[in-house]
There are 2 protein chains.
Amino acid sequence: MKKNIITISRQFGSGGRTVGRLVAEKLGIPFYDKELVEQIALESGFAPKYVEENGEHAPGKSLFSYAFAPQGVPGVMNGLSTADFLWQVQCGAILQLADQGPCVIVGRNADYILKNRKDAFHAFIHADMAFRADRIVRLYGESEKSPETRLQEKDKRRKVNYQHYTGRVWGAAENYDICLNTATVGVEEAAEIITNLVNASK
Amino acid sequence: MKKNIITISRQFGSGGRTVGRLVAEKLGIPFYDKELVEQIALESGFAPKYVEENGEHAPGKSLFSYAFAPQGVPGVMNGLSTADFLWQVQCGAILQLADQGPCVIVGRNADYILKNRKDAFHAFIHADMAFRADRIVRLYGESEKSPETRLQEKDKRRKVNYQHYTGRVWGAAENYDICLNTATVGVEEAAEIITNLVNASK
């Protein structure tokens, strides 16, 4: 079947977001990253006004950061914790985006949310620690923590979050149509390979 | 760095062996599968004559099947169990093959054994259960067990063996430069992508 809903899951610092953007450009289809998915969820009928109004998230802080907080976000809504409520809102937004037509969605466990769509193509982008450490310092600058520590913390958080909401193992090859190590394959080349596979699907 | 030692790890029935053979043909380099690695190990100075002479393996049964038996193979050699001794012999043979020059090695945990070689390129080939079930029935015929049961047993055995000897998780994307789902990508196309990446490496 023609695959034209592309999900990109990625290790922090691997260049997965850039791969997704390049694939969307090459295919001429919309690109949804974390911020856009969040915005669409907020503007939808499911918008968690309750959370906003109750001021349970710090001003200027991403609402979805709560959905991805490690544990124990306070607040319960309709019997759901804030994090679980946000997970449901996010699922709704992603399912809706996929229904609207061809697109690239980066992150947000979209590979799991869209796992039953036969027209979806799932990619996982990763890279060696050294490659990612160098990349995050170049892109986001230094911080008080070493780049390796920042990466380990992010990796752990994504892994725990993914496992919690999907019951699957983060980064297990069998959940994806393709997994690529950008440290050896290259960011541009990874985008090229995915685009070619999507174009060749039928 | 130029990558010309290619290891292919694969789920049973995914077509990974065929991918490896095609890559070797396209690159014009030797192809070593399970049987050849076993033969080379047996003919090397490390040949486990002890095991052969003590008749601890059934005639006609692959010697290496013992190394991959789930647990508790009887027999101890130089303080090592038969399985552990065979693991060491196999490691030696694979390291030696890689030293001899460009080649494709399928299976035998070669991705782990050669993980420190900067000229090695590691691929993992997998596929959905339905694709693999159909494939093993076509290639190896029916048996008293259902193809799904056969696949589950093989998957489990490879997973346990890999974990035991490498301490790593079988099928974790981060251990490979590329992972491909042959059910969506195709066997020929997987070989083409790997060949192109190896040719482009420098």
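It should be emphasised that the depicted structure is a prediction, and the values quoted were computed from it without experimental measurement.

Criteria and cut-off values
All residue numbers refer to position in the chain's written sequence, counted from 1. Labels are handed out in written order, letters beginning with A for the chains and numbers beginning with 1 for the ligands. Under the rules for a predicted model, residues below a pLDDT of 70 receive no local features and side-chain atom pairs below 80 are neither given nor counted, while totals for whole chains, interfaces and linings still include all residues. Remark: hydrogens and water are excluded; side-chain values derive from all non-hydrogen atoms of the structure. Strands are labelled as partners when DSSP assigns at least two bridges between them. Numbered from the N terminus, helices here are DSSP runs of H or I no shorter than four residues, and strands are runs of E no shorter than two. To pair, rings of Phe, Tyr and Trp, with the six-membered ring standing in for Trp, must have centres within 6.5 Å; the planes then decide the type, stacked if under 30 degrees apart, edge-to-face if over 60, and tilted in the middle. When accessible area is computed with a 1.4 Å probe and restricted to protein chains, residues below 20% of their type maximum are described as buried, those above 50% as exposed, and intermediate ones as partly exposed. Here, over-ring charges are defined by two tests on the NZ atom of lysine or the CZ atom of arginine: distance to the ring centre within 6 Å, and angle to the ring normal within 35 degrees. A contact between two residues is defined here by any heavy atoms of the two lying within 4.5 Å. A quick way to say it: buried area is the sum, across both parts, of accessible area lost when two parts are put together, with a 1.4 Å probe. Each reported salt bridge corresponds to a side-chain nitrogen of Lys or Arg within 4 Å of a carboxyl oxygen of Asp or Glu. In protein, a polar contact means a hydrogen-donor-capable atom and an acceptor-capable atom, both N or O and within 3.5 Å, with residues adjacent in sequence counting only if both atoms are side-chain atoms; elsewhere, any N or O pair within 3.5 Å suffices. Ten residues, namely Ala, Val, Leu, Ile, Met, Phe, Trp, Tyr, Cys and Pro, are considered nonpolar, four, namely Asp, Glu, Lys and Arg, are considered charged, and the remaining ones, Gly among them, are considered polar.

Participant: How would you sum up the sheet that holds strand β5 (residues 103-106) of chain B? Please name residues and give values.
Facilitator: Taken in spatial order, the 10 strands line up as β2(A)-β5(A)-β1(A)-β6(A)-β7(A)-β7(B)-β6(B)-β1(B)-β5(B)-β2(B) in an open sheet, and their pairing is mixed. Looking at strand neighbours, the two that pair on one side only are β2 (31-32) of chain A together with β2 (31-32) of chain B, the edges of this open sheet. As judged from the 3 bridges shared by strand β7 (residues 178-181) of chain A and strand β7 (residues 178-181) of chain B, these two strands associate in the antiparallel manner. Bridge pairing in β7 of chain B links I178 of chain A to L180 of chain B.

Participant: Which residues make up the packing of aromatic side chains, and what are the values?
Facilitator: All names here are of chain A. Inspection of every chain in the model, using the stated rule, returns 10 aromatic pairs over all chains. Taken together, a centroid distance of 5.2 Å and an interplanar angle of 85 degrees make the contact between F124 and W170 edge-to-face. You can see F124 sitting in strand β6 (residues 120-126) and its partner W170 sitting in the loop between α8 (147-166) and β7, a full 46 residues away along the chain. Residues F124 and W170 agree in their burial class; the two are buried. Over the ring of F12 we find K154; its NZ or CZ atom is 4.6 Å from the centre of that ring.

Participant: Any details on the pairing of strand β6 (residues 120-126) of chain B? Residues and values, ideally.
Facilitator: All names here are of chain B. Of all 7 residues in β6, 7 are buried, a share of seventy percent or more. In β6, alternate side chains face the same way, and those of A120, H122, F124 and H126 on one face and F121, A123 and I125 on the other are all buried. Where strand β1 (residues 5-10) and β6 come together, 6 bridges link them in parallel fashion. Counterpart to T7 in the pairing with β6 is H122.

Participant: Lay out the interface of chain B and chain A with the relevant residues and their values.
Facilitator: On the chain A side, the residues contacting the 18 residues of chain B number 18 residues. Together chain B and chain A conceal approximately 1400 Å² of surface at their shared face, both sides included; 59% is due to carbon and sulfur atoms. Put simply, chain B and chain A have 0 salt bridges between them. The tally of links from chain B across to chain A stands at 13 residue pairs in polar contact (both at pLDDT 80 or more). Of all the secondary-structure elements, those providing two or more residues to the side of chain B that touches chain A are β6, β7, α9 (182-185) and α10 (187-200) of chain B. For the side of chain B that touches chain A, the element with the most residues is β7 of chain B, which contributes 4 residues. Its residues assigned to classes, the side of chain B that touches chain A shows 10 nonpolar, 5 polar and 3 charged.

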